Every structure is written in C-alpha cells, then in structure tokens.
Amino acid sequence: MLRPENVDCFFYQTTVCNQPRCPFQHRDQSKQSTVICPDWQIRKQCRNKQCKKKHLDEEALKKFFRCPIEKKSAACSKLNCPNYHARQRMEVVEQTEYVRGPDPVPMKEKRLWNKKKFVKSDNSRTQKLINSSCQFIKVALKYISSAVNEQRLSISKGKSYIKEVSDF
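Since the structure is predicted, the reported quantities are computational estimates derived from the model, not experimental observations.

Participant: So what exactly am I meant to see when it comes to the confidence of the model for the chain here?
Facilitator: The predicted coordinates ought not to be read in detail in places where the model reports low pLDDT. Per-residue pLDDT for the chain has a mean of 81; in total, 86% of the residues score no lower than 70. At the level of individual helices and strands, the chain shows its lowest average pLDDT in helix α5 (residues 115–119), which scores 58, and its highest in helix α1 (residues 10–14), which scores 88.

Now the structure itself:
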C-alpha cells in the first residue's frame, strides 16, 4: 500500500518543500537520482536508510502531488505551478505562447542479469525451470487473448496484461 511516509516528497526533490509538517520523506541522497529503487518499486517500502534511489513513481506522483487544476480540467495553464503535471502546459503572455512539457517521472531500474547468458546455462534443472516458465507464459497469453475475444476482459486491460506478462 502506498503511504506518504514511504514516498519521497516531490516538492523537496524538485525545488523546496514549504510544508512545516510534511508527511513525505525529505532525503538529500536521492535528489540527484533518476532511477526508482527496486525494493521500493515492488513493496512501496525500502528499509535501506542510505538508499540513493527515488522512492517515487508515476502512481505516487498522480496520487499525492498531481496539480488540482489538471485533475479537474483538461490542462493547467500556469507554467510556474509547483505541482506534478502529467500533461503539457501552455501559457500565453503578451501574444507569445510558452509551452512546458509534462514533468519527468523516475525510470525503472534496468535488469542486472543477462537473459541470454542465463538461458545458455548448462544446469538441467535451470533449463527445465526456464522451459516450464516459457510454457506458463504462453498459456497465460492464450488465456488473456481468449478472455478479450470472449469480451470477459476489455481490450485495454488485455493489452496491459499482455505487456506485463511479455516483460518477463
């Protein structure tokens, strides 16, 4: 569950947090990072007090720091708005148009192990596990496709599940 005390403060990470009793984490060591902590990404909690990676992702940004104007209407027109924006903003000043893109979101950490090297392993137990996993993924993809075809699952949900399964 996503709780404020486990999330980095967006305002502290980008500029300055002016809240005297801010419930979010104010960690200097993660300000320079652009990568999400893998432990935090999985559990939404990290026990490493010295962690240098972000405890912040798009879900947390939208839940806790999204611009209230952007939530209610199509777009925020204030370029200096301190909140998180998922959409681009445009402001017209004296017949000049200023555009600012969406705020950046920290990236997921890249996998540390080499898939090709792992698959070429000589260990027969490892090979059986890989084959079993591949068969499971194929069955899962067929099940998702049939659920979409039979309209038990929406197309958008089906695509997101297929993408999630295919990432493994």
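Participant: Hey, could you run me through helix α6 (residues 124–149) in this one?
Facilitator: Quick reminder: α-helices carry 3.6 residues per turn. Residues three or four places apart thus point the same way. When the terminal C-alpha atoms of α6 are compared, their 37 Å separation across 26 residues agrees well with the 38 Å that a helix rising 1.5 Å per residue should span. Inspection of α6 places Thr 126, Ile 130, Ala 140, Ile 144, Ala 147 and Val 148 among the buried residues, and these make up the whole buried set. At the C-terminal side of α6, Gln 151 shows a positive phi close to 60 degrees.

Participant: Explanation requested: the packing of aromatic side chains in the structure shown.
Facilitator: Any pair of aromatic rings gets described here by the distance separating the centres and the angle formed by the planes. Taken as a whole and assessed by the stated rule, the structure comprises seven aromatic pairs. With centroids separated by 5.8 Å and ring planes inclined at 40 degrees, the aromatic side chains of Phe 10 and Phe 65 adopt a geometry described as tilted. Here the residue Phe 10 occupies a position in helix α1, and Phe 65 occupies one in the loop between α3 (58–64) and α4 (68–72), the gap between them amounting to 55 residues. The exposure class assigned to Phe 10 is buried, which follows from its relative accessible area of 6%. Taking the relative accessible area as the measure of exposure, Phe 65 reaches 1% and is therefore buried. Seen from their ring centres, Phe 64 and Phe 65 are 6.3 Å apart, and the 65 degrees between their planes marks the pair as edge-to-face. Aromatic ring contacts, followed pair by pair, group Phe 10, Phe 11, Phe 24, Phe 64, Phe 65 and Tyr 84 into a single cluster. One cation-aromatic arrangement involves Lys 31 over Tyr 12; the distance from NZ or CZ to the ring centre is 4.2 Å.

Participant: Help me out: how do you make sense of unusual backbone geometry in this one?
Facilitator: The general pattern is negative phi for most residues beyond glycine and trans for most peptide bonds. Even without a glycine there, the phi angle at Lys 44 is positive, about 60 degrees. Following the sequence through the fold, Lys 44 ends up in the loop between α2 (38–43) and α3. By relative accessible area, Lys 44 is classed as buried at 12%. Phi at Gln 151 is positive, roughly 60 degrees, even though this residue is not glycine. Structurally, the position occupied by Gln 151 is in the loop between α6 and α7 (155–166). The exposure class of Gln 151 is exposed, given its relative accessible area of 72%.

Participant: For this particular structure, what's the right way to read the nonpolar core?
Facilitator: Nonpolar side chains in soluble globular proteins tend to be buried together. Among the nonpolar cores identified, the biggest contains 19 residues, and Val 7, Cys 9, Trp 40 and Phe 65 are the most heavily contacted of them. Those residues within four positions of Trp 40 in sequence are excluded, and the remaining contacts are Leu 2, Asn 6, Val 7, Gln 45, Cys 46, His 55, Leu 56, Asp 57 and Ala 60.

Participant: Is there a simple way to explain the pattern of salt bridges in this structure?
Facilitator: Once the charged atoms of two side chains with opposite charge are near each other, the side chains can pair. Under the defined criterion, the tally for this structure stands at eight salt bridges. Two residues, Asp 8 and Arg 27, come together in a salt bridge whose shortest N-O distance is 2.8 Å. Placement of the pair is Asp 8 in the segment before α1 and Arg 27 in the loop between α1 and α2, with a sequence separation of 19 residues. With a shortest N-O distance of 2.6 Å, Lys 44 and Asp 57 are connected by a salt bridge. Separated by 13 residues along the polypeptide, Lys 44 in the loop between α2 and α3 and Asp 57 in the loop between α2 and α3 bring together distant segments of the chain. Look at the salt bridges and you will find they share partners, linking Lys 44, Asp 57 and Glu 59 into a network.

Participant: Explanation requested: the packing of α6 against α7 in the structure shown.
Facilitator: The description of two helices packed together rests on the angle between their axes and the distance between the axes. The geometry of α6 relative to α7 is characterised by a closest axis approach of 9 Å and an angle of 175 degrees between their N-to-C directions. Relative to α7, the element α6 lies roughly antiparallel. Residues Ile 137, Leu 141, Ile 144, Ser 145 and Val 148 of α6 pack against Ile 155, Gly 158, Tyr 161, Ile 162, Val 165 and Ser 166 of α7. Tallied by class, the residues present in the contact of α6 with α7 amount to eight nonpolar, three polar and no charged.

What counts and how
- Residues numbered from 1 in each chain as written.
- Predicted model: local features only at pLDDT ≥ 70, side-chain atom pairs only at ≥ 80, totals over all residues.
- Heavy atoms only, no water.
- pLDDT = per-residue confidence, 0-100.
- Helix = DSSP H or I, 4+ residues; strand = E, 2+ residues; numbered from the N terminus.
- Expected span 1.5 Å × (residues − 1).
- Buried < 20%, exposed > 50% of the residue type's maximum accessible area, 1.4 Å probe, protein only.
- Phe/Tyr/Trp six-rings, centres within 6.5 Å; stacked < 30°, edge-to-face > 60°.
- Lys NZ or Arg CZ within 6 Å of the ring centre and 35° of its normal.
- Core = buried A, V, L, I, M, F, W, Y, C linked by side-chain atoms within 4.5 Å.
- Contact = heavy atoms within 4.5 Å.
- Salt bridge = Lys/Arg side-chain N within 4 Å of Asp/Glu carboxyl O.
- Axes fitted to C-alpha atoms, helices over the stretch in contact; angles between N-to-C directions.
- Parallel < 35°, antiparallel > 145°, perpendicular 65-115°, else oblique.
- Nonpolar A, V, L, I, M, F, W, Y, C, P; charged D, E, K, R; others polar.

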